[in-house]
Amino acid sequence: MLALAAALGGCETDDLAQVGARALKPLPAALAAEIDKRNMPRESPILVRIFKEEAELEVWKQDAEGKFALLKTYPICRWSGELGPKVKEGDRQAPEGFYTITPGQMNPNSNYYLAFNLGFPNAYDKANDRTGAFLMVHGDCSSAGCYAMTDEQIQEIYALGRDSFLGGQKSFQVQAYPFHLTPLNMAKHRNSPHMAFWRMIKEGNDHFEVSRTEPHVDVCEKRYVFDARAPGNASAPLTFHPRDKCPAYEIPEAIASPVKAKQASDERAFAEYVNKGVTTVVVKTGADGGMHPLFLAKLQSKSVFDFQNVNRDVKAPSGPLPANINPPHTPEPEITTAAFAPASTRAAQPGESTSTLRTIGGWFGVGGSQPAATAAPAVAPTTAKAKPAPTQTAAVLSGATPKPVPAPASKPKPQSDVVQVPSQQAQSQAALPQAASPPASAASSIPDLIAGASPPVTPSNSFEGRWSAIR
């Protein structure tokens, strides 16, 4: 299966049932101490929440009272695509929705240090004919449809999952969202074609936030259903079929009542923001995903960043970024320059009378050829700073003033999605092609390998080449 995945251009398949059979490093002392301080058993269940726009991954852990509490927030090093769910193979979208991670989906021999498979497509995705495979949360900080962390981060997250399985948790849930589903964010994104989908998964988000327990997820009529149970007078257990009509069900009052109150409050706040004219964000940014500002700060001067809206509890991992990092990029705006020439020097335009013999004679200097057109001086374009895209990532990457560069002396190289650092130069003319430097084939050292595990395979080609065919 691993060879098949490689042939298809994907990352890998998972080694089944390897969790617990391989020795990982213990949790860092500081994280272990925090778990003890929070009265959380070391092997209690976990739950993961992912937020694309904020580029954050949260690990929640169950305390001694059986409620989930936020343990740690990790900045995401890279995710690809736009906001919105993954729809088809090759769209570079990172999934959104509710996914179940079993021990068999944990891969200690990942090509990207450590990884766990999200299990895309799930029952909802299949019911809606969505395609794709090998969508992971992994290390290596490069993404083509995945959520990429640093090796240091995935080491901790993987270890937390391993400990929960050893404690008896049969699976843990991943909730992947486009952003924190607050009334303000929903108002900002109200023009998105994905709004109906986001309102549906917000219901699951609301169930979790009011109960602090993992919502039970079913699928029927091609939609998610949360915490459904058989009515009190039912004689048979509930059975859900993803494409069929939903059976009669009810939601426990302890969850249904506070969820209803929360949703009513959120709708009132949403309407107020809309009535106040809260500015909407661009539906498609063209930036191909995002990266947390703490990681972008490692690539550029911190002076170009606005950290006012960054979660102060999120800390950047120590150490440098991987050598093959591919930061998100924003397409540069096209600049159109108009050139004008006096009528006496204009070249003949289509539709003007031009003798074929005269034209041919002009080529050889024979007969009455028309005077050569004199190149008119182009109107000098006015240099202006490009308006930054409304997303956090795009604003960071467009912070520098464009500088003119000379025309390339040789034939330009084809563009590449993978670069070492984001370019800070813009071409002086729109007609000049841009060449992106190809990624250096550098193997990053991977410290602290899992004891007893085979060394991770270091990819010899670019990340994009390995993933693009399967996404």
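Right above here is the structure, for reference.
Here is a short report on the structure shown in this document. Numbering of residues begins from 1 in every chain and follows the order in which that chain's sequence is written. Residue-level local features of this predicted model are given only where pLDDT is at least 70; pairs of side-chain atoms are given and counted only at 80 or more, and the full residue set underlies all totals for whole chains, interfaces and linings. Neither water nor hydrogens contribute to the side-chain values; these are computed over all heavy atoms in the structure.

1. Section: the sheet that holds strand β1 (residues 46-51)
Here is step 1 of the chain: One requirement defines pairing of two strands: DSSP has to find at least two bridges between them. Secondary structure counts use DSSP, requiring at least four H or I residues in a row for a helix and at least two E residues in a row for a strand, with both numbered from the N terminus. On the basis of which strands lie adjacent, the open sheet formed by five strands has the order β3-β2-β1-β10-β5 and mixed pairing. Of all the strands in the sheet, just β3 (68-75) and β5 (97-101) have a single pairing partner and so form its edges. Sheet twist, expressed as the mean angle between neighbouring strand axes with direction ignored, is 20 degrees.
Here is step 2 of the chain: Bridging between β1 and strand β10 (residues 172-177) involves four bridges; their strand directions are parallel. Pairing of V48 across the sheet is with V174, part of β10.
Here is step 3 of the chain: Note on definitions: a residue-residue contact is assigned when non-hydrogen atoms from the two residues lie within 4.5 Å. For helices, the fitted axis covers only the stretch in contact; all axes are lines through C-alpha atoms, and the angles between them, taken along N-to-C directions, range from 0 to 180 degrees. Sheet strands in contact with helix α2 (residues 29-37) are β2 (56-62) and β3, and its direction is about 160 degrees off that of β3.
Here is step 4 of the chain: With respect to the sheet, helix α4 (residues 151-166) is in contact with β1, β2, β3, β5 and β10, its orientation differing from that of β3 by roughly 155 degrees.

2. Some points on the pattern of salt bridges
Here is step 1 of the chain: Salt bridges are identified by distance alone: a Lys or Arg side-chain nitrogen within 4 Å of an Asp or Glu carboxyl oxygen. The final tally for this structure, using the stated rule, is 19 salt bridges.
Here is step 2 of the chain: Salt-bridge contacts for K72 lead to E156; the nearest nitrogen and oxygen are separated by 3.0 Å. Linking K72 in strand β3 with E156 in helix α4, this pair joins segments that are 84 residues apart in sequence.
Here is step 3 of the chain: Exposed residues in this analysis have more than 50% of their type's maximum accessible area, buried residues have under 20%, and partly exposed residues fall in between, with area computed by a 1.4 Å probe over protein chains only. Looking at K72, the relative accessible area reads 30%, which means it is partly exposed.
Here is step 4 of the chain: What makes E156 buried here is its relative accessible area of 8%.
Here is step 5 of the chain: E267 serves as the salt-bridge partner of R199, at 2.6 Å between the closest nitrogen and oxygen.

3. Thoughts on the environment of R92
Here is step 1 of the chain: Structurally, the position occupied by R92 is in the loop between β4 (78-79) and β5.
Here is step 2 of the chain: For R92, a relative accessible area of 15% gives the class buried.
Here is step 3 of the chain: Between the C-alpha atoms of R92 and G145, which are 53 residues apart in sequence, the distance is 4.5 Å.

4. Regarding the sheet that holds β4
Here is step 1 of the chain: Taken together, the five strands give an open sheet; going across it, the order is β4-β9-β8-β7-β6, and neighbouring strands pair in mixed fashion. The open sheet terminates on both sides in strands that have one partner only, identified here as β4 and β6 (106-107).
Here is step 2 of the chain: Bridge count for β6 against strand β7 (residues 115-117) is two bridges, and the pairing is antiparallel. Among the inter-strand pairings, N107 is bridged to a residue of β7, identified as A115.

5. Brief notes about the packing of aromatic side chains
Here is step 1 of the chain: Each Phe, Tyr or Trp ring, with Trp reduced to its six-membered ring, pairs with another whose centre is within 6.5 Å; inter-plane angles below 30 degrees give stacked pairs, above 60 give edge-to-face pairs, and intermediate values give tilted ones. The full count for this structure, using the stated rule, is 14 aromatic pairs.
Here is step 2 of the chain: Taking 6.0 Å as the distance between ring centres and 90 degrees as the angle between the ring planes, the aromatic pair formed by F98 and Y177 counts as edge-to-face. One end of the pair, F98, is in strand β5; the other, Y177, is in strand β10, with 79 residues separating them in the sequence.
Here is step 3 of the chain: Residue F98 is classed as buried on the basis of its relative accessible area, which comes to 5%.
Here is step 4 of the chain: Among the aromatic side chains, those forming a connected cluster through ring pairs are F51, F98, Y124, Y177, F197, Y224 and F226.
Here is step 5 of the chain: Geometrically, a charge over a ring is one whose NZ (Lys) or CZ (Arg) sits within 6 Å of the ring centre while staying within 35 degrees of the ring normal. Residue placement shows R130 over the ring face of F197; its charged tip is 5.4 Å from the ring centre.
Here is step 6 of the chain: Here the guanidinium or amino end of R199 rests over the ring plane of F270, the centre of that ring lying 5.1 Å away.

6. Some thoughts on the nonpolar core
Here is step 1 of the chain: One finds L57 and F116 to be the most contacted residues of the largest nonpolar core, which totals 60 residues.
Here is step 2 of the chain: Residue contributions to this core peak at six residues, all from α4.
Here is step 3 of the chain: If we skip the residues at most four places from it in the chain, F116 touches I101, Q105, M106, L135, M136, V137, I154, I157, F172 and V174.
Here is step 4 of the chain: In these notes, a set of buried Ala, Val, Leu, Ile, Met, Phe, Trp, Tyr and Cys residues joined through side-chain atoms within 4.5 Å is what counts as a nonpolar core. With six residues, the next largest nonpolar core counts M291, F295, L296 and I325 among its residues.

7. Details of helix α7 (residues 253-275)
Here is step 1 of the chain: For a helix, the expected span equals 1.5 Å multiplied by the residue count minus one. In this model, α7 (23 residues) spans 33 Å end to end at C-alpha, consistent with the 33 Å of a helix rising 1.5 Å per residue.
Here is step 2 of the chain: Tucked inside the fold, the buried residues of α7 contact α5 (183-188) and α6 (195-211).

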